[in-house]
Amino acid sequence: MNTDSSAARRARLAGLTAGTAALALFTAACGGTGGGSASAPESFGYLTVNENATVKNALGTLSKGACADENKALPLKVESVPQTGLDQKLQLLAGQNALPVQFAAGNAPALTDKLYKSGKIADLEKELGKLGVLDRIQPGAMSTIKALYGGKLEVLPYEYNIEGIFYNKETFAKNGITEPGTWDELTAAAAKLDAKGVQPFSASGQQGWPLTRLISGYLYRSLGPDALKDVKDGKAKLTDPPYVKAAEEIAELGKKGWFGKGVGSIDYDTAMNQFLTGKAAMFYMGSWALTNVADKKANTVGADNVGFMPFPAVSGGKGSIDQYPSNVGLGITLGKNMDAKTGDWVTCIAKNYGSTALKDQGSISGFKTSTDVKAADEVSSKVRETISASKQNVLWFEALFSTKATTVSQTNAAGLVNGSMSPKQFMQTVQDALSSE
């Protein structure tokens, strides 16, 4: 079972960034280009956050099993800090040239980028290539990391999530609905469910990002995988008609009541519960939800009745239905103080981590797994197969936004679907926040 707290996981996976002030402190602390400590490490140090035990537990298992020899030569040593204090800790250690061998990347991709450009972390593509294990990273995970970090492999995919629509297979079957492949088919299915008294969608308006993820899903299908990169690069604005169109489509779902009553006050856990207890037929979410699906007490509809499908195609759109939004959760990177012993550890991790995390915790990573390791249920198997087959993935709505624009987007999402803010107003408000940075 994944012991990561749901609140911490949601905040991280939603792409919330808290590193703006941290960047200023970091720049002052380590403006040079020096690397980590020149001396060989005495332990395989790993700095993580209190809220995430998944990676720590998997590394502990490896240290006693597949990587026991590597651990004997260089003992695993874990240190944890609160996630809110991670950036400050990284700045302090970087300024002292004392970063450990492995550490959780900063809360914002921009901070990790600063570390990389300052020469504080390893060139992972180069190092894994020299070790002969670069091919142990799933192509989709590689694509996601490079999209987040300016084309560089700056973190390792100890966690890897794709997003899509979980659906109740039994409810679909009872109402004569097959898995929708297009947006028109999806809305037709929702209308049919609503007419039968079934709530089509479950979503958290309180968190906001589960709604804005739907906007980006429509944008990627209609405009293609560079839709939001074009906004970041100044080639397009959220107020352009094709972008407003995406917000209009999601607002229409709310206007028709397809999210149920009071979506703005629904939190993440309540939205999850609505789906797992059969009160809603569909739930857009990331594959981290597989942990909840596998929970027999929480999931009263049963894991066998849960299906997973991609965000549907938009008629005439430039995107592809096999391009899944994805993220790597709590990114982990390596310091510059690598030697032969740390290389042995990294090699062992690349070869064994994926299978260990899946077998022991049901956690899907971006590392390839052994073929004999089985997933907990059919939907988990489908997600694994999808990840393995995926070659190019896309990001989420706020992934390339500033901290301010992210907050503005997510706090106003509920207003978009409950009708208190028009689609044009919503996109203008977020664009203004982007433009003010």
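Presented here is a report on the structure given in the accompanying data block. (Residues numbered from 1 in each chain as written. Predicted model: local features only at pLDDT ≥ 70, side-chain atom pairs only at ≥ 80, totals over all residues. Heavy atoms only, no water.)

1. Brief notes about the pattern of salt bridges
Point 1. Counting across every chain of the model gives 11 salt bridges.
Point 2. Here E252 ties to K256 by a salt bridge, and the two come within 4.0 Å at their closest N and O atoms.
Point 3. Under the relative-accessibility criterion, E252 is labelled partly exposed at 32%. (Salt bridge = Lys/Arg side-chain N within 4 Å of Asp/Glu carboxyl O. Buried < 20%, exposed > 50% of the residue type's maximum accessible area, 1.4 Å probe, protein only.)

2. Details of helix α16 (residues 340–361)
Point 1. Over its 22 residues, α16 runs 30 Å from end to end, which matches the ideal 32 Å to within 8%, given 1.5 Å per residue.
Point 2. Largest kink in α16: about 50°, centred on N352.
Point 3. One side-chain oxygen at the N-terminal end of α16 lies 3.2 Å from the backbone nitrogen of K341; it belongs to D339.
Point 4. Two residues or fewer after α16 comes G362, characterised by a positive phi angle close to 65°. (Helix = DSSP H or I, 4+ residues; strand = E, 2+ residues; numbered from the N terminus. Expected span 1.5 Å × (residues − 1). Bend = angle between axes of the 7 residues up to and from the residue. Polar contact = N/O pair within 3.5 Å; in protein donor to acceptor, adjacent residues only side chain to side chain.)

3. What about the packing of aromatic side chains?
Point 1. Going through the model one piece at a time under the given rule, you end up with 15 aromatic pairs.
Point 2. Centroid distance W209 to W288: 6.1 Å. Interplanar angle 55°. Geometry classified as tilted. With a gap of 79 residues between them, W209 in helix α11 (residues 209–223) and W288 in the loop between β6 (280–286) and α15 (290–293) connect regions that are remote in the sequence.
Point 3. One aromatic cluster in this structure is built from W183, Y218, Y284 and F311. (Phe/Tyr/Trp six-rings, centres within 6.5 Å; stacked < 30°, edge-to-face > 60°.)

4. Focus on the environment of K382
Point 1. Structurally, K382 is set in helix α17 (residues 378–389).
Point 2. Note: C-alpha distance between K382 and P423 (41 residues apart in sequence) is 35 Å.
Point 3. Dropping the residues within four chain positions of it, K382 is found in contact with E179 and F308. (Contact = heavy atoms within 4.5 Å.)

5. Looking at helix α6 (residues 109–117)
Point 1. Within α6, burial applies to L111, T112, D113, L115 and Y116.
Point 2. Remark: G119 follows α6 within two positions and exhibits a positive phi of approximately 75°.

6. A look at the state of the cysteines
Point 1. The full count for this structure, using the stated rule, is one disulfide.
Point 2. Two residues share a disulfide in this structure: C67 and C348, whose sulfurs sit 2.0 Å from each other. Between C67 and C348 the sulfur-sulfur dihedral comes to about -100°; the bridge is accordingly left-handed. Of this pair, C67 sits in the loop between α3 (54–64) and α4 (68–73) while C348 sits in helix α16, and the two are 281 residues apart along the sequence.
Point 3. Given a relative accessible area of 0%, C67 falls into the buried group. (Disulfide = S-S within 2.5 Å.)

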